[in-house]
Amino acid sequence: MLLTWVEISKAALAHNAQAFKAHLGPACFLAPAVKSNAYGHGLVESSRVFAENGASFLCVNALYEAEALRKAGIQTSILLIGYVPLADLGSAVALGCDMVVYNAETIDALGRLNRPCRIHLKIETGNHRQGVGLGDLPKMLDRIRRHPSVRLVGASTHFANLEDRLNPDYALRQLSVFGEGLKIIEGAGIELLYRHCANSAATLILPEAHFNFARVGVSMYGLWPSEKTKVAAERLGLSIELKPALTWKTRVAQVKEVKEGALIGYGCTYKMPHAGRIAILPVGYYDGYVRSLGNRGKVLVRGQRAPVVGRICMNMMMADITRIPGVALEEEAVLLGRQANQEISAEELAQWSETINYEVTTRINERIPRLLVD
Ligand SMILES: *Cc1c(COP(=O)(O)O)cnc(C)c1O
């Protein structure tokens, strides 16, 4: 019997993929980011649904993710966006992955393999993470030209703060630097098949950043990149509906009567203000339910909200169910998502634990089974 598991709504993922495909139009490749276990939604499970609903590429961070996709029989094109160690480039090429590159060493090592491969050059435009500055681009292009087996098919960049601002001024500056970079590359006689910089926020609210390829991450899973992006989208009159896909479930491991004044859990940080009942839930910070949710989180039991009481333990937590009658051993509790008419969103959990929705779903331990439902 499953004690703790994650249900992923296939209908929600398919809806989001189709909505983005329609939003971007037929000339733009949809390339969902499925890194980090598909933001906690199950790498293989989510990738399959995206591939069946309009995705042309899947963006992964690391080689092991590309290997897992191929092992599962998923044949969709893969773009590796993270760093691949020089020693592993042969494996990436053997899998047929496109790779985002930004180091001369990587280009030379790919050339030495002497096997046809496709690269996308990352341009530094102001995020100061990966990327080649405009001044270094001509040298880099010369370098690529020296290796006939290495084909430059794409150019990309990444926005630093679009989701943090209502005013996209910095993103627009990055976009203009990107435009200059594209001019340098195309001016050198290279015909780019893919030009891309759009993450979820840019895909939603910055159409001039779509080019012909969009790397949509968090919003493929039905989540807004931020409240600000949602407000900006409303101001633009955007009518896209995003459907959250994830429900995190567990089962009650004990129902316990406690007296008024009882001290709950490690550190005795919670004192029962009344006599009542608590439920012990077999989930803790090892599972990805962060410790800072102690005395702050809420869980759903019988369609009602029950406050988390005491500290979150490594493998367990407690919730006050005094006001919810009849709770039985092994009955379902929901940590994230909907139960009956109540819902705990990733945004609420993020607020309670002072982080962002991205981190809430991504940190759900990979060992917890992901089940595709509907
Ligand atoms: C993760 C990532 C994305 C997706 O970002 P979202 O905000 O989740 O849409 C796009 N591009 C790169 C380079 C990334 O690392």
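Up top you'll find the structure we're talking about.
One structure accompanies this document, and this report is about it. Here the structure is a predicted model, which means the values were calculated and not measured. (Residues numbered from 1 in each chain as written. Predicted model: local features only at pLDDT ≥ 70, side-chain atom pairs only at ≥ 80, totals over all residues. Heavy atoms only, no water.)

Another aspect to go through is the packing of aromatic side chains. Inspection of every chain in the model, using the stated rule, returns 11 aromatic pairs. With centroids separated by 6.4 Å and ring planes inclined at 55 degrees, the aromatic side chains of Phe29 and Phe213 adopt a geometry described as tilted. Separated by 184 residues along the polypeptide, Phe29 in strand β2 (residues 29-30) and Phe213 in strand β9 (residues 213-214) bring together distant segments of the chain. Among the residues examined, Phe29 registers a relative accessible area of 30% and is labelled partly exposed. Aromatic rings pair up to connect Phe29, Phe57, Tyr194 and Phe213 into one cluster. (Phe/Tyr/Trp six-rings, centres within 6.5 Å; stacked < 30°, edge-to-face > 60°. Helix = DSSP H or I, 4+ residues; strand = E, 2+ residues; numbered from the N terminus. Buried < 20%, exposed > 50% of the residue type's maximum accessible area, 1.4 Å probe, protein only.)

In this section: unusual backbone geometry. Of note in the backbone geometry, Asn114 takes a positive phi value of approximately 60 degrees without being a glycine. Mapped onto the elements, Asn114 comes out in the loop between α6 (104-113) and β6 (117-122). The phi torsion at Arg302 lies on the positive side, around 50 degrees, for a residue other than glycine. Position of Arg302 among the secondary structure elements: in the loop between β15 (298-301) and β16 (304-309).

Once that is clear, we can look at helix α3 (residues 43-52). The set of residues buried in α3 consists of Leu43, Val44, Ser46, Ser47, Val49 and Phe50. Contacts from the buried residues of α3 go to α1 (10-24), α2 (35-39), β3 (57-60), α4 (63-71) and β20 (370-373). Positive phi appears at Gly54, one or two residues downstream of α3, with a value of about 110 degrees. (Contact = heavy atoms within 4.5 Å.)

With respect to burial, β6 is a largely interior element, five of its six residues being buried. The pairing of strand β5 (residues 98-101) with β6 spans three bridges and is classified as parallel. Note that in β6 the partner of Val101 across the bridge is Leu121. With α6 bridging β5 and its parallel neighbour β6, the resulting β-α-β unit is right-handed. Pairing geometry for β6 and strand β7 (residues 150-156), over six bridges, is parallel. Bridged to Arg118 within β7 is Arg151. One crossover worth recording links β6 to the parallel β7 by way of helix α7 (residues 137-145), and it is right-handed. (Pairing = 2+ DSSP bridges. Right-handed = clockwise from strand over helix to strand, strands pointing away.)

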